[in-house]
Each structure stands twice: as structure tokens, then as C-alpha cells.
2 protein chains.
Amino acid sequence: MDLFNHDNYGNISQHKHYTTLATQNMGFPLLILVATIATAVAFPTNNLVMPHGRLADSAACLSWRWAVETNNIKDFSNKVPEECADYVLSYMLGSQFRRDSKLVCDVAYEYAKGVNLTRDGKDVWIFDVDDTILSCLPYFLEQGSWDLNVQTTYGTWTRKGEAQAIPETLDLYKKVMELGFKIVFITGMHEKDSESRIKNLQEAGFTEWDKLMFKGDNELAYAEEFKSNRRRELVEAGYRIWGNIGDQWSDLIGTFVGDRIFKMPNPMYYVP
Amino acid sequence: MDLFNHDNYGNISQHKHYTTLATQNMGFPLLILVATIATAVAFPTNNLVMPHGRLADSAACLSWRWAVETNNIKDFSNKVPEECADYVLSYMLGSQFRRDSKLVCDVAYEYAKGVNLTRDGKDVWIFDVDDTILSCLPYFLEQGSWDLNVQTTYGTWTRKGEAQAIPETLDLYKKVMELGFKIVFITGMHEKDSESRIKNLQEAGFTEWDKLMFKGDNELAYAEEFKSNRRRELVEAGYRIWGNIGDQWSDLIGTFVGDRIFKMPNPMYYVP
């Protein structure tokens, strides 16, 4: 499945499973309905996209998404509210996720163009990996729920190395490299899985980087601490961190966060 | 005008100027239309709510609001995009702003209930004032644009001391006081205007506090620095900052931010 084979925001014209969405400028409830039916056909065992008996209250779910994205609601992993399951699916598969991703990447690029680079190889831009540059949405679609089972199915899925590039951050990656930034990827994946991660990055179009930093196989720290530690290593090695983009606030808070942080949209799960 | 004389989210039943909104469960475009017409009648010279010649692209403005609330888009003060002016008005006057405010206050109260208070008079909850507990929306409605003219019309308006309580934070204020937190207000208003501010707070229902901290009359620091300094004074005096709620990220970042921060919605302006 090619999730992101479309770049017309609001018009999923080349999406293999959702071509019926392409020809109409339709409202939100219809989008949910069509996405639900189409996905139920494509994934007959998919609980995630089966109707839940009552329609999502989109105003309540819009509030919920706002509260998650502003980091007011924390630690909801494994529990996207059941009444917002369809709403989140519609958000992720529809145009709004792409719009939001494009807007933050546009803002990031505007910032990047204004940075006065020293060009000594020490000016870096940090990218988180999962759901910042590689999309884990297919995992949830395959699984048929928003449960993030890190120790079991999710780990297995990510180790397959089949995550797809998010087009907006792939574009930002290329453009900040062109400007002269060095690329640093900091991923929560463990070092023992580096081979599949490298293969996945390369196949998704992320072919060059200055550093690819993993979590140590025995490192127990939460993301905020572990990522702060990796950034400290960079700063102590003389790197200047300018932009830092991630889908989780734990990518972006802590210490040595960089000159400017950029939050990618992700209402699917929370990583502390 | 009583902006917030309604607490049924989605049903502005007692709003003086928008009673026509009350009786129908209507869609977003119709809400914009009715609000536009009703407000244009109520404020005939109001440029803000006059039609702008083209309909707002609500998906694009939803993205814009998301990017503002996540602090991806900064420093847009005095320039809510013209194409989103109606969208922001609809958001603020409709139910979504109230829903978002209620959700963050509910989350904050859940957190507050879990804090193990020492009860030595040193456990504090910090509230920002403008557009956290007192709404400045009437200023924008009177002015007829989203321009925030801090040095002129906005200063004059706030010194009148007629801002209204935001019901959700008034409720949170009462409830955290009941739990035993001491209340600290940190406002960007200058000390020389303390009299009108105190009168406004009291008339709006905020009748008790432990500290009300102003910006010094000659203090030039931006909000992030000035508020960090006030919080440092609290911590150095032995206070423990638990919750800290504000509508601007500059209320919530910097140093000594507190154990947990809460972001109130505000797509109207940006304070660095």
C-alpha cells in the first residue's frame, strides 16, 4: 500500500485504496463513511476502521486532538479514545494531516533559509524518525486498532523496515541539506535493529546523513532523557543544533533542544 | 455584552447578540454566515466581521490554528491571516473555543487532584491573566479587527477594567483553591495600572489570591523572561509551583515553569 502517493492536499487522487475519494469535494461525515467502507473492504479483519456503533463527535475529537497536540493531554498511548478512533483515522488518511505536515515543514524551511550557516560541517538539523520522516500508519492499519504494542507487534513491524516516507519531511530533508545543514537522525530504535532501520531509511529516500543515533540496547531512559543525552553529545562535539523536528514533544523538550523546534502532527500515540 | 453567559458547549443559548444561533444545530458555514450577519448588525462599523469577499478555507485555517497552538508559527501578532479572520472569529464565538478551554481545565483539575500538598501555604498554582482568566475578545470585537495595538487602543481598553471572566478558568481557579493551592496571578500589565486590574479581577469573580505579580513599569523584558523572573522570585521565596496555566507559550516556557504547564487556546495573537 502506498499511503502517500498524492500531494494534492484535499484530493487523494492516486491513493490505491481510496480512489473513490478523489473525484468529489465531500464533507467530513461522508469522508469517514467512505474511508470506513473502503478500508473495511481492503482490510476485512481491521477492527480499527469498522464502524463503532455511534458516530464520532467530531467537535469533541477536534478538542481532544488540540489538547494532545498542545501537550495538555499526555500519556494516552494505547488509548486513543474509542469515540475518536474513526476521527483520528479520517484525520490521518484525509488531507488534514498532510496539510498540517506541509505547513510545519514550510515554516521550518522559512526558518532554515534565515540561518547564517558557518559551513564548517557543524551546523546540524535534527530529525526524529518514526512518524516524523517515516510513517507508522500502515502498522495501525494492519493491526486494526490504535493500540501501540511496542514490545510485540510494533517492534516486529518496524524491524521489517517497510515504513514509508512522509512526503513533506522528505522534501524538508532534501531542502535543508541543499542549504548546507548536516543531517542528524535520532531514533528511538535500538542499535541492534540498525540494519533494518538503515535499509528502511535508504529505501524511503533518506540516503544521506551525518549521524544516525540509536538508543543503546540496554538504555532504559525515556525518550526525553535519551534524546537530550544524544543532543548533549552533539553539542559537546562542537555541533550547533539549529532546527529540531519531531512528532512527539519528548523529541523537542529537555535539554539542548536546538535553536528552534518544530512539532509534526501525531494524534495516534504518545511517547513520554 | 456578556460574551460567556452560556455553558452549554455548542449551544450559545443566552448570548445577547447571537440568540439566533441557539435554536439550531447548524453546520460550520452557516455558523459563520449567521455570526457574520448578526455581528455586522450589532457592530455596523466592525471590519472584523464583515465578509471579506471570499469564504475562509476552513481546512487551511484549521491547519494554521494547529500550527499556532503548537508554537510552530510564532510572532504573528497583528497579522491573523486575512483569509482566516472569519474562521478565528467563528472559533472564538462558537463552541469550539469553550470546548477546548473546558478540556484543558478538566485535565488541569485532574492533575491538581493528584498533587500531594504540603499545606504550608507554599503550594502555588499560577494563572496568567489576559485571555487565560479574563477575555480580551470584546476588545477585538469593538475594534473590528484582529490588530493588537498594545501601545494604544488595547492599553486603553484593558485599563478600563471591563474584561470578562473566561468561565472555564474561573471554575478551575475556584476548584484548585478549594483543593488548597495558593493562587498566583502573573500579568503582563504594568504596576501603574494595578488599580484597574484589581478592580477587573474582583468584578469578574477572582476575589482572592496570594500574589498578584505585575510587570515593572520600566521593565523591558519580553514575557518569557519577565515571567521566568517572577517565577524565580517565587521559588527563591520557598514556593513550590505545581500548575501553571496560560494562553501564550511565553507564559509556559523559560525557567521555573512549574511541575506541569497547561496551554489555553488562543489563535488571536502572539506574545513573545
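Whatever comes next refers back to the structure up there.
Presented here is a report on the structure given in the accompanying data block. (Residues numbered from 1 in each chain as written. Chains lettered and ligands numbered in written order. Predicted model: local features only at pLDDT ≥ 70, side-chain atom pairs only at ≥ 80, totals over all residues. Heavy atoms only, no water.)

1. So, the packing of aromatic side chains
Considering all chains together, one arrives at 37 aromatic pairs over all chains under this definition. Taken together, a centroid distance of 6.3 Å and an interplanar angle of 50° make the contact between F76 of chain B and Y270 of chain B tilted. Residue F76 of chain B is located in the loop between helix 2 (58–69) and helix 3 (85–93), and its partner Y270 of chain B is located in the segment after strand 7 (260–263); the two are separated by 194 residues in the primary sequence. Just as F76 of chain B is buried, Y270 of chain B falls in that class too. Clustering of aromatic rings is evident, with ring pairs tying together Y139, F140, W146, Y154, W157 and Y269 of chain A. The side chain of K175 of chain A reaches across the aromatic face of Y109 of chain A, ending 4.4 Å from its centre. In this structure, K122 of chain B is placed above the aromatic ring of Y239 of chain B, and the distance from its NZ or CZ to the ring centre is 4.4 Å. (Phe/Tyr/Trp six-rings, centres within 6.5 Å; stacked < 30°, edge-to-face > 60°. Helix = DSSP H or I, 4+ residues; strand = E, 2+ residues; numbered from the N terminus. Buried < 20%, exposed > 50% of the residue type's maximum accessible area, 1.4 Å probe, protein only. Lys NZ or Arg CZ within 6 Å of the ring centre and 35° of its normal.)

2. Digging into the sheet that holds strand 6 (residues 240–246) of chain A
Within a sheet, neighbouring strands are paired by backbone hydrogen bonds and run either parallel or antiparallel to one another. All names here are of chain A. Reading across the sheet, the five strands line up as 5-4-1-6-7 and stay open at both edges, with parallel pairing between neighbours. Every other strand in the sheet has two partners, leaving strand 5 (211–215) and strand 7 (260–263) as the edge strands with one partner each. The average undirected angle you get between the axes of adjacent strands in this sheet is 20°. Contacts from helix 4 (residues 95–113) reach strand 1 (123–128), strand 6 and strand 7, with the element oriented near 165° to strand 7. Contacts from helix 8 (residues 194–203) reach strand 4 (182–190) and strand 5, with the element oriented near 135° to strand 4. (Pairing = 2+ DSSP bridges. Axes fitted to C-alpha atoms, helices over the stretch in contact; angles between N-to-C directions. Contact = heavy atoms within 4.5 Å.)

3. Notes on the pattern of salt bridges
All names here are of chain B. For the structure on display, the rule yields 36 salt bridges over all chains. One salt bridge connects E69 with K263, and the closest N-O pair in it is separated by 2.5 Å. Within this pair, whereas E69 is found in helix 2, its partner K263 is found in strand 7, the two being separated by 194 residues in sequence. The class of E69 is buried, set by a relative accessible area of 1%. The closest approach of N and O atoms between R230 and E219, which form a salt bridge, is 2.5 Å. Here E219 lies in the loop between strand 5 (211–215) and helix 9 (223–236) and R230 lies in helix 9, a separation of 11 residues in the sequence. According to the relative accessible area criterion, R230 is buried, its value standing at 10%. (Salt bridge = Lys/Arg side-chain N within 4 Å of Asp/Glu carboxyl O.)

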